[in-house]
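Remarks on the overall topology
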Amino acid sequence: MRKVRIDPFIFWASLLVILVATVLLVINRAVAEPYLDGLMTSITYKMDWAFQFLTFSLFIILIWLALGRYGKIKLGEGKPEFSTFSWGAMLFTAGMGTSIMFWSLMEPIYYYTGPPFGIKANSPEAAEWAVTYGLFHWGISAWALYAFPTVVIAYSYYVRKRPSLKMSVALSGALGKYADGWLAKVIDVLVIWSLVGGLGTSLGLGVPMVSAVIGDILGIPETLGLNVIIVICITIIYSASAYLGLQKGIRRLADINVYLALAIAVFVFLVGPTFFLLSYFSNSFGLMLQNFAFMSFYTDPINAGGFPQGWTVFYWAWFAATAPFMGLFVARISKGRTIRELITHILLWGSIGGWIYFAVFGGYSMHLELNNILPVADILNEHGGPAAIVEILKTLPISFIVLPFFVILGVIFLSTSLDSATYILAAIATKELKEGEDPARWHRMVWGAVLAIISISLLLIGGLRVIQTSAVIVSVPIFIIYILLIVSLLRWLKEDYPLMVTEEKKK
């Protein structure tokens, strides 16, 4: 295999931006944090309509692509590189991470105590919407934000034969002559920053959660040192996985992750209030389907309660900020699939995985709260989410086994997000990457080390949250990138599809 070369500008500029931005944000945290919080609030309130129209429009465009004549376009020659299960496992674990473990347990409680539509808190009606909104936020709309960039990048890479996994290359249909200039470089550096910030969010949720469970198992307090040890363990796992590559490392770890995630979900489903979980999910799912359009566009402009801005719009902005990474990674592993297959599998694999977790874990935490078995809401308010999760897990049978199992799952979930991220960071900073090629191993290890150093440094100085917030703010320029992606794909399809029809007639 030929030697794969780095893109010096992207590589060094990205490292410089990450270093300078992180240092400045952390040093000026006292000023930066309230400023960024205010800016984020302003974005979610003033651009609520924009993110909602974008998300719903992407869903419509994806359905049109999947069901229309373009759906049969094949992405690359030959058979799919990965089995359907491994392919689905990689895209799900890369997209969800430990976020789904945390929010499936805690999010319904937040909605129960702070419901939408002016509903009275802690009421039966609030309980009916508690899991419903979780199914909505982690369902098809969220995965539509991930799926559309994937389609455009995969089309650019496999159909247009552009040998590069860069967002700027996927935008070349819209950018034209500017696709190789300074603007393209800025876009790629911006994508790397959004990826690093998105990983900060995963670590910010996952590490304290895993640390709290380990602390309870060992009977020790959750300390900074314990958090650092967890990050080091995760770094060793994801670096080894990224070093081994897609087939031997990332794919295998994702497969293990899905098996473990399903195992604990099946266990809780069987030992928990099984029929209540089924009934509660059925009711919540029906409520979501009935109100899908309304929830998609709900902004609450008259009462101005802030629920859609604080939850739905924030989620769409967060998913949009991390979507370029997902698009690049899933496009790379989707060789041999059709556009129809790519869209339907991303929407279904992702949504069903999220729905299973909210049905089981969200339903179980609500069962504990509603039946006064465990005051989950009180623990959440007084001690935080990680402490509440520990207490929920301790209500399960054989909790002495469940707790260590949960830790292992959490560590692997974080590792699968980070190994795919390490791979894509190296791919973006690589000059050319043809079909079947991977970024250089040393290059993947460099980005693995960068992520580890940043994570540990931010944990030590307490600057993780400010990086998370800055990543969500990046969603504003990413919003423009979505528009350019739509233009780029439509232009390419208009240019290429008549040629494909002519070739088919000749055959």
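Computed from a prediction, not measured in an experiment: that's the story for all the values here. (Residues numbered from 1 in each chain as written. Predicted model: local features only at pLDDT ≥ 70, side-chain atom pairs only at ≥ 80, totals over all residues. Heavy atoms only, no water.)

All right, on to the overall build of the protein chain then. Scanning the protein chain from terminus to terminus reveals 21 helices and two strands. For the protein chain, the C-alpha radius of gyration of 22 Å lies close to 23 Å, the compact-globule estimate for 507 residues. Each of the three principal axes of the protein chain carries a C-alpha extent, and together these read 70 × 50 × 45 Å. The proportion of buried residues among the 507 residues of the protein chain is 61%. Within the protein chain, counting contacts between residues at least 6 apart in sequence, those at least 24 apart form 84% of the total. Summing over all exposed atoms, the protein chain offers an accessible surface of approximately 19,700 Å²; the carbon and sulfur share of this is 67%. Side-chain charges in the protein chain split into 34 positive and 29 negative, and the spacing between the mean points of these groups amounts to 14 Å. (Helix = DSSP H or I, 4+ residues; strand = E, 2+ residues; numbered from the N terminus. Rg over C-alpha atoms; globule rule 2.2 N^0.38 Å. Buried < 20%, exposed > 50% of the residue type's maximum accessible area, 1.4 Å probe, protein only. Contact = heavy atoms within 4.5 Å. Areas by Shrake-Rupley, 256 points an atom, 1.4 Å probe, with all protein chains shown as cover. Lys, Arg positive; Asp, Glu negative; His and termini not counted. Charge placed at Lys NZ, Arg CZ, Asp CG, Glu CD.)

Relative to the 21 Å expected for 15 residues at 1.5 Å per residue, helix α5 (residues 99-113) spans 20 Å between its end C-alpha atoms, a close match to the ideal helical length. The axis of α5 is deflected most strongly, by about 35°, at Met-106, and proline Pro-108 appears within four residues downstream. Of all 15 residues in α5, 13 are buried; the element is thus mostly enclosed. (Expected span 1.5 Å × (residues − 1). Bend = angle between axes of the 7 residues up to and from the residue.)

In this fold, Thr-44 is placed in helix α2 (residues 29-46). Thr-44 sits in the buried class, given a relative accessible area of 6%. Within the structure, Thr-44 has its side chain in polar contact with the backbone oxygen of Thr-41 (distance 2.9 Å). Setting aside residues no more than four positions away along its own chain, Thr-44 makes contact with Gln-309, Val-313 and Phe-314. (Polar contact = N/O pair within 3.5 Å; in protein donor to acceptor, adjacent residues only side chain to side chain.)

Along the chain, Tyr-243 falls in helix α11 (residues 224-271). Tyr-243 sits in the partly exposed class, given a relative accessible area of 38%. Put simply, Tyr-243 and Tyr-423 are 180 residues apart on the chain and 8.8 Å apart in space, counted from C-alpha to C-alpha.

For Thr-150, the position within the fold is in helix α7 (residues 140-159). If we skip the residues at most four places from it in the chain, Thr-150 touches Met-326, Gly-327, Val-330, Ala-331, Leu-342 and Ile-346.

Our focus in this paragraph is the pattern of salt bridges. Inspection of every chain in the model, using the stated rule, returns nine salt bridges. Across the salt bridge formed by Lys-185 and Asp-7, the nearest N and O atoms sit 3.3 Å from each other. In this pair, Lys-185 sits in helix α10 (residues 182-218) while Asp-7 sits in the segment before α1 (8-27), placing the two residues 178 residues apart along the sequence. Across the pair Arg-160 and Glu-495 runs a salt bridge, and its minimum N-O distance is 2.7 Å. Of this pair, Arg-160 sits in the loop between α7 and α8 (167-170) while Glu-495 sits in helix α21 (residues 475-506), placing them 335 residues apart in sequence. (Salt bridge = Lys/Arg side-chain N within 4 Å of Asp/Glu carboxyl O.)

For the rest of this paragraph, the subject is helix α18 (residues 399-428). The terminal C-alpha atoms of α18 lie 43 Å apart, and with 30 residues this matches the ideal 44 Å at 1.5 Å per residue to within 8%. A large share of α18 lies buried, amounting to 25 of its 30 residues.

A cluster of nonpolar residues, Leu-16, Leu-19, Val-20, Val-23, Leu-24 and Ile-27, forms a patch on the protein surface that exposes about 570 Å² of accessible area. Position of Val-20 relative to the elements: it lies in helix α1. We classify Val-20 as partly exposed; its relative accessible area is 40%. (Patch = residues over 30% accessible without salt bridge, like charges linked within 9 Å, V, L, I, M, F, W, Y side chains within 5 Å.)

Let us now look at the nonpolar core. Formed by 187 residues in total, the largest nonpolar core has its most connected members in Leu-65, Trp-143, Phe-148 and Phe-329. Sort the elements by how many residues they give to this core and α18 lands first, with 17 residues. In contact with Phe-329, other than residues within four places in its own chain, are Met-90, Ala-94, Leu-246, Ile-250, Ser-420 and Ile-424. (Core = buried A, V, L, I, M, F, W, Y, C linked by side-chain atoms within 4.5 Å.)

Attention shifts here to the packing of helix α12 (residues 274-290) against helix α15 (residues 339-370). Two elements in contact, α12 and α15, have axes separated by 9 Å at closest approach and are oriented at 115°. The orientation of α12 relative to α15 falls into the category roughly perpendicular. Crossing of α12 against α15: the hand is right-handed. Contacts between α12 and α15 involve Phe-276, Leu-277, Tyr-280, Phe-281, Phe-285 and Met-288 from the first element and Trp-355, Ala-359, Val-360, Gly-363, Tyr-364, Met-366, His-367 and Leu-370 from the second. Classifying every residue of the contact of α12 with α15 by side-chain character gives 12 nonpolar, two polar and no charged. (Axes fitted to C-alpha atoms, helices over the stretch in contact; angles between N-to-C directions. Parallel < 35°, antiparallel > 145°, perpendicular 65-115°, else oblique. Left-handed = near helix turned anticlockwise from the far one by under 90°. Nonpolar A, V, L, I, M, F, W, Y, C, P; charged D, E, K, R; others polar.)

Looking now at the packing of aromatic side chains. Each aromatic ring pair is described using two quantities: the centre-to-centre distance and the angle formed by the ring planes. If you walk through the whole model with that rule in mind, you get 49 aromatic pairs. Seen in terms of ring centroids, Tyr-315 and Phe-319 are 5.7 Å apart; in terms of plane orientation they differ by 10°. Their pairing is stacked. Taken together, the residues Tyr-315 and Phe-319, both in helix α14 (residues 307-332) and four residues apart, mark about one turn of the helix. The exposure class assigned to Tyr-315 is buried, which follows from its relative accessible area of 1%. Residue class for Phe-319 comes out buried when judged on its relative accessible area of 2%. Sitting above the plane of the Trp-87 ring, Arg-337 keeps its charged end 4.1 Å from the centroid. (Phe/Tyr/Trp six-rings, centres within 6.5 Å; stacked < 30°, edge-to-face > 60°. Lys NZ or Arg CZ within 6 Å of the ring centre and 35° of its normal.)

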